[in-house]
Amino acid sequence: MRANNDADRYEILAARSGEFSDAFFVGVKSTGIFCRIGCPARLPKRENCTFYDSAAEALEAGFRACKRCHPSSHAGEASAVIKKLITLIEDNPEHRWSEDDIKAKGIDPSTARRQFKKHFGLTFTQYARARRLGAAAKTLAKGDTVINAQLNAGYESASGFRAAFAKTFGAAPAKSDASPFFIEWLTTPLGPMFAVCDETHLYMLEFTTRKNMDRGFEKLRKKHKRAVIPGRTSVTDQIEGELKSYFAGTISTFKTPLAPTGTEFQNQVWKALQDIPYGQSCAYTDLAIAIGNEKAVRAVASSNANNGLALIIPCHRVIAKGGGLGGYAGGLDKKQWLLDHEKLHKP
Ligand SMILES: [Zn+2]
C-alpha cells in the first residue's frame, strides 16, 4: 500500500506489521509523543494522529521521541549514547543544551555529534534546539491563523519569532540529507528583518512585516529540500555587519554572496535592479527596457516584488511612472525612508 494520504498512513499504522519503518512518523496529540511505524505501544485514535515525513519535523512540532521505539530519521537502532542523551534532554527540555553539558556528563561531544547526525539528520545541539523550540512553540501557538497574523504584524522579540517560525516552517522536508538553512532575526532602524543563510550564501533577507512571507519560506524549503532552522553562520555575520553600515550611510553596495533562487527571467530582472545606482530611482517600464523586453512590464513588476532579498536587490528604487511611490511589499513608509536615506548619503 502506498502512503499517499493520512488515511492510508493510518491504515499502515493500524496494521502493526511488527517491523519498524522510518518511511514516516506519527505524532500523537493525546500523549505528546511521536513514534515509528511498528511501535509496540497502543494504537492511538485516528483523530489524535498527525503524520510527519521526518523525525526533525515531529520534534519541531513539539513532540518528544517515544522511549519504546526510539524514532529516527534513518533506519537503525538508537545507540546507548543517543538514548542517554535523549533522556537528559527529556528530563530538562527547556535547557539550552551545549556540548560542554555533554562533556560534563562524561560523553565525548564528537561521538554524540556523529551519532545524532547519523540517527536523526541533526547534531545533538540541533536536536536539543528543535525540541526546545517545539516545546516553546506548542505553548505559543494557538494555530496557523494566529502565527500568520503575528508574522504579518511583525514580532516584538527574536525569541517569539523563532518559536513561531519553528512551529510553522521549521519542518525538514522528506528524506533530505542536505544541510539546513539557518534563519536569524536582525535588528535595523526600520524594524526587524530576518536573514536565511547557509555556510556560503545568503538566500533571503526580508522585513518581518513583509506580506506572504510564509509562502516565501515554504517555496525556499521545498525548492532546495532543506530544512530551515533558527541559527546563524558566518554569512549571517557578514550581512548583519553590512546592514549596519548601509543604515549608517557608509556603504552603498553589498558584498555578501547571494544565491540566485529565481527563474532565468527573474534573475535577469534582479540583475537589472542591481544596476540602478544607489540614490536613484526608475520606473518599471525603464526596467523592462533595460532587459530588452519592453512589453514585459507586468512580469517585471511581479519579479521585482518577489526578489526575496530586500535592500540588496534594490526593488525600493523602482517607482511609479508618474513619480508616485508605487508599491513595496515591506511597506510604503519603509520605501520612502530608504529613498530619502539614499538620497541623503549619495556619494
Ligand atoms: Zn513508540
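Use the structure listed above.
For the structure given in this document, a descriptive report is provided here.

What counts and how
- Residues numbered from 1 in each chain as written.
- Predicted model: local features only at pLDDT ≥ 70, side-chain atom pairs only at ≥ 80, totals over all residues.
- Heavy atoms only, no water.
- Helix = DSSP H or I, 4+ residues; strand = E, 2+ residues; numbered from the N terminus.
- Expected span 1.5 Å × (residues − 1).
- Buried < 20%, exposed > 50% of the residue type's maximum accessible area, 1.4 Å probe, protein only.
- Arc of directions from axis to C-beta.
- Contact = heavy atoms within 4.5 Å.
- Phe/Tyr/Trp six-rings, centres within 6.5 Å; stacked < 30°, edge-to-face > 60°.
- Lys NZ or Arg CZ within 6 Å of the ring centre and 35° of its normal.
- Donors = N, O, S within 2.8 Å, 3.2 Å for Na, K, Ca; no water.
- Tetrahedral: all angles 85-135°; square planar, octahedral: opposite > 155°, others 65-115°.

**Observations regarding helix 5 (residues 109–120)**
In this model, helix 5 (twelve residues) spans 16 Å end to end at C-alpha, consistent with the 16 Å of a helix rising 1.5 Å per residue. Taken residue by residue, helix 5 has Pro109, Thr111, Ala112, Phe116, His119 and Phe120 as its buried positions. Taken down its axis, helix 5 places every buried residue within 150° of arc, on the same side. Those residues of helix 5 that are exposed and angled more than 90 degrees off the buried face are Arg114 and Lys118. At the exit of helix 5 stands glycine 121, carrying a positive phi of roughly 75°.

**So, helix 11 (residues 264–274)**
Of all the positions in helix 11, only Gln266, Val269, Trp270, Ala272 and Leu273 are classed as buried. Axial view of helix 11: buried residues confined to an arc of 160°, hence all on one face. Contact partners of the buried residues in helix 11: helix 12 (284–290), helix 13 (297–305) and strand 10 (318–319).

**Some words on the packing of aromatic side chains**
The full count for this structure, using the stated rule, is ten aromatic pairs. Here the aromatic rings of tyrosine 246 and tyrosine 278 are separated by 6.3 Å at their centres, their planes lie at 90°, and the arrangement is edge-to-face. Within this pair, whereas tyrosine 246 is found in helix 10 (residues 234–248), its partner tyrosine 278 is found in the loop between helix 11 and strand 9 (282–283), the two being separated by 32 residues in sequence. As far as burial versus exposure is concerned, tyrosine 246 and tyrosine 278 are alike and both buried. Measuring from ring centre to ring centre gives 5.7 Å for phenylalanine 247 and tryptophan 337, while their planes differ by 50°; the resulting arrangement is tilted. A residue pair is termed long-range when its members are at least 10 positions apart, and phenylalanine 247 in helix 10 and tryptophan 337 in helix 14 (residues 332–345) qualify at 90 residues. A relative accessible area of 10% means that phenylalanine 247 is categorised as buried. Taken together through their ring pairs, the aromatic side chains of Tyr246, Phe247, Phe254, Tyr278 and Trp337 make up a single cluster. The ring of phenylalanine 24 carries arginine 9 above its face, with NZ or CZ at 4.8 Å from the centroid.

**Let's talk about the coordination of the zinc ion**
Reference geometry at the metal: tetrahedral coordination by four donors gives ideal angles of 109.5 degrees; octahedral coordination by six donors gives 90 or 180 degrees. Around the zinc ion, the protein contributes the donor atoms Cys35 (SG), Cys39 (SG), Cys66 (SG) and Cys69 (SG), at 2.2 to 2.4 Å from the metal centre. Considering all four donor atoms around the zinc ion, the spread of angles at the metal, 104 to 120°, places the coordination shape in the tetrahedral class. Sequence positions of the residues that donate to the zinc ion give the spacing C-x3-C-x26-C-x2-C. Placement of the pair is cysteine 39 in the loop between strand 2 (33–37) and strand 3 (49–52) and cysteine 69 in the loop between strand 4 (64–65) and helix 3 (80–91), with a sequence separation of 30 residues. Using a relative accessible area of 1% as the deciding quantity, one classes cysteine 69 as buried.

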